[in-house]
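One letter stands for each residue in the lines below.
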Amino acid sequence: MTNLESFLKERAPADISALLLTIAGTSFLVRRALPFTTKLTRGVNPSGETQAEIDVYANEIFASSLIATGVVGEVASEEMAEPRKGRGKIHVAMDPLDGSSNISTNNPLGSIFGFYSSALPASGEHLVASAYVTYGPLLTLTYTTGGGVHTFVAVEGREGNPFILMEENATIPEKPEVFGLGGQRKDWIEPVERFVSSLESRGMKLRYGGTFVGDFNQVLHYGGIFGYPALKNKPRGKLRTLYEAAPMALIAKQAGGYASDGSRDVLSILPDALAATTPLYLGSSGLVREVEALISGH
Ligand code: AFP
């Protein structure tokens, strides 16, 4: 059984390996804290969302452990108004706890990370690696450093590094089976409504659980499309470009898929603020290019 440490030794630069190993180790602590941090706090994040205890806990433990590696120049977070500074060169953008509204319903949760080579905000073209943790029936770490998409699963009680290889070089099947789009049908822009009706008429299955990483895992394994579209009352969508959309877009691309905002590659977007949002459609490249053509009219 190949563990994360030895796998990274052969395939990733030392600084990125240090960050991925730190995230893997810290995700264990977040998972253990979940049962005790289910309540909401009085705090709100820079996007005006009420913070759950776990949002605050995960933010603090990931930010401090990443800074402690010494290779991080700054950590920007969905839960912090200003980035925390470090002595290193890598600029980290994170959604420390994705899907916190799913805690009370015991549905999958996640943590998303983007590693940028330049100061934030930056476009996805400056991403050198990205990763996400899934807290589901399994605790998994999925990442890319530009050489394919790999997933490791945590095995409790294992000597040494508990994360062992579960899937190497994952690719998004081009034959799509599932779809999941956020927002309500009545608020979708017309091309999206037309697109979803055609997916339904093709017999594709609806898979939408309200946590980006959980829904993306469906697409990664079965092929299809996940998205949070432009809405009539929210033309810039809901998902944050820097913390959520761009890091996951790199993983989709490295798995043979594509990610669009409806008119262009999400990785080309330069966010105009740390918490800037974007419409997002990602998954099997044929399907994403289809909805992109419908929305942009060409
Ligand atoms: P929370 O972290 O506030 O639960 O939001 C989760 C999320 O950012 C993303 O993970 C989901 O895909 C999307 O929002 C769910 O949004 P809706 O609740 O509007 O469907």
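Residues numbered from 1 in each chain as written. Predicted model: local features only at pLDDT ≥ 70, side-chain atom pairs only at ≥ 80, totals over all residues. Heavy atoms only, no water.

## Describing the site of the ligand
Surrounding the ligand, one finds 14 residues, the nearest of these being Asp98, Ser101, Tyr208, Phe212 and Tyr228. Here an oxygen atom of the ligand sits 2.8 Å away from a polar atom, N or O, in the side chain of Tyr228. Burial of the ligand by the protein chains amounts to 82% of its free accessible area of 480 Å². (Near = heavy atom within 4 Å. Polar contact = N/O pair within 3.5 Å; in protein donor to acceptor, adjacent residues only side chain to side chain. Areas by Shrake-Rupley, 256 points an atom, 1.4 Å probe, with all protein chains shown as cover.)

## What about unusual backbone geometry?
With an omega dihedral of 0 degrees, the bond running from Leu120 to Pro121 counts as a cis peptide bond. Among the structural elements, Pro121 can be located in the loop between strand S6 (109-116) and strand S7 (127-135). The residue Asn106 is not glycine, and still its phi comes out positive at about 55 degrees. Here Asn106 shows up in the loop between strand S5 (90-98) and S6. Even without a glycine there, the phi angle at Asn169 is positive, about 50 degrees. A residue is classified by how much of its surface remains accessible, and Asn169, at 43% relative accessible area, is partly exposed. (Helix = DSSP H or I, 4+ residues; strand = E, 2+ residues; numbered from the N terminus. Buried < 20%, exposed > 50% of the residue type's maximum accessible area, 1.4 Å probe, protein only.)

## Description of the packing of aromatic side chains
Here the structure, examined in full by the defined rule, presents seven aromatic pairs. Ring centres 5.2 Å apart and planes at 70 degrees place the aromatic pair Phe7 and Phe152 in the edge-to-face group. Here the residue Phe7 occupies a position in helix H1 (residues 4-11), and Phe152 occupies one in strand S9 (residues 149-154), the gap between them amounting to 145 residues. Overall, the relative accessible area of 0% leaves Phe152 in the buried class. (Phe/Tyr/Trp six-rings, centres within 6.5 Å; stacked < 30°, edge-to-face > 60°.)

## Description of helix H5 (residues 212-222)
Where burial is concerned, most of H5 is hidden: eight out of the eleven residues are buried. Taken residue by residue, H5 has Phe212, Val213, Gly214, Asp215, Phe216, Asn217, Val219 and Leu220 as its buried positions. Positive backbone phi, at 80 degrees, marks Gly223, one or two positions downstream of H5.

## Section: the nonpolar core
If you look at the biggest cluster of nonpolar residues, it comprises 53 residues, and the most contacted ones within it are Phe212, Phe216, Ile225 and Leu282. Judged by nonpolar contacts, the second largest core, of 43 residues, contains Ala12, Ala58, Ile67 and Ile103. (Core = buried A, V, L, I, M, F, W, Y, C linked by side-chain atoms within 4.5 Å.)

## Notes on the environment of Leu282
Within the secondary structure, Leu282 is located in strand S15 (residues 280-283). We classify Leu282 as buried; its relative accessible area is 0%. Along the chain, Leu282 and Pro96 lie 186 residues apart, while their C-alpha atoms are 21 Å from each other.

## Details of the side chain of Asn217
With respect to the element layout, Asn217 can be found in helix H5. We classify Asn217 as buried; its relative accessible area is 16%. With residues near it in sequence (within four places) discarded, Asn217 still touches Tyr132 and Thr134. (Contact = heavy atoms within 4.5 Å.)

## Overview of the sheet that holds strand S14 (residues 258-260)
Read from one edge to the other, the open sheet built from five strands follows the order S12-S11-S13-S15-S14, with strand pairing classed as mixed. Each having just a single partner strand, strand S12 (205-206) and S14 make up the two edges of the open sheet. Relative to S15, strand S13 (residues 224-228) is paired through four bridges, and the arrangement is antiparallel. Each residue of the ladder has a partner; that of Gly227, found in S15, is Tyr281. Seen against the sheet, helix H4 (residues 190-201) touches strand S11 (178-181), S13 and S15 and runs at an angle of roughly 155 degrees to S11. The strands touched by helix H6 (residues 241-254) are S14 and S15; relative to S15, the strand with the most contacts, the crossing angle is about 25 degrees. (Pairing = 2+ DSSP bridges. Axes fitted to C-alpha atoms, helices over the stretch in contact; angles between N-to-C directions.)

## Looking at the pattern of salt bridges
Enumeration over the complete set of coordinates arrives at 14 salt bridges. With a shortest N-O distance of 3.1 Å, Arg240 and Glu49 are connected by a salt bridge. One end of the pair, Arg240, is in the loop between S13 and H6; the other, Glu49, is in the loop between strand S1 (40-44) and strand S2 (50-52), and 191 residues separate them in sequence. Exposure remark for Arg240: the relative accessible area of 4% places this residue in the buried category. Here the salt bridges do not stand alone but share partners, grouping Glu49, Glu78, Arg240 and Glu244 into one network. (Salt bridge = Lys/Arg side-chain N within 4 Å of Asp/Glu carboxyl O.)

## What about the packing of H4 against helix H7 (residues 285-296)?
How two helices sit against one another is set out by the angle between their axes and by the gap between those axes. The geometry of H4 relative to H7 is characterised by a closest axis approach of 9 Å and an angle of 145 degrees between their N-to-C directions. As H4 packs across H7, the resulting crossing turns out to be right-handed. The segment H4 lies against H7, with Pro191, Val192, Arg194, Phe195, Ser198 and Leu199 engaging Leu287, Glu290, Val291, Leu294 and Ile295. Grouping the amino acids of the contact of H4 with H7 by side-chain chemistry returns eight nonpolar, one polar and two charged. (Left-handed = near helix turned anticlockwise from the far one by under 90°. Nonpolar A, V, L, I, M, F, W, Y, C, P; charged D, E, K, R; others polar.)

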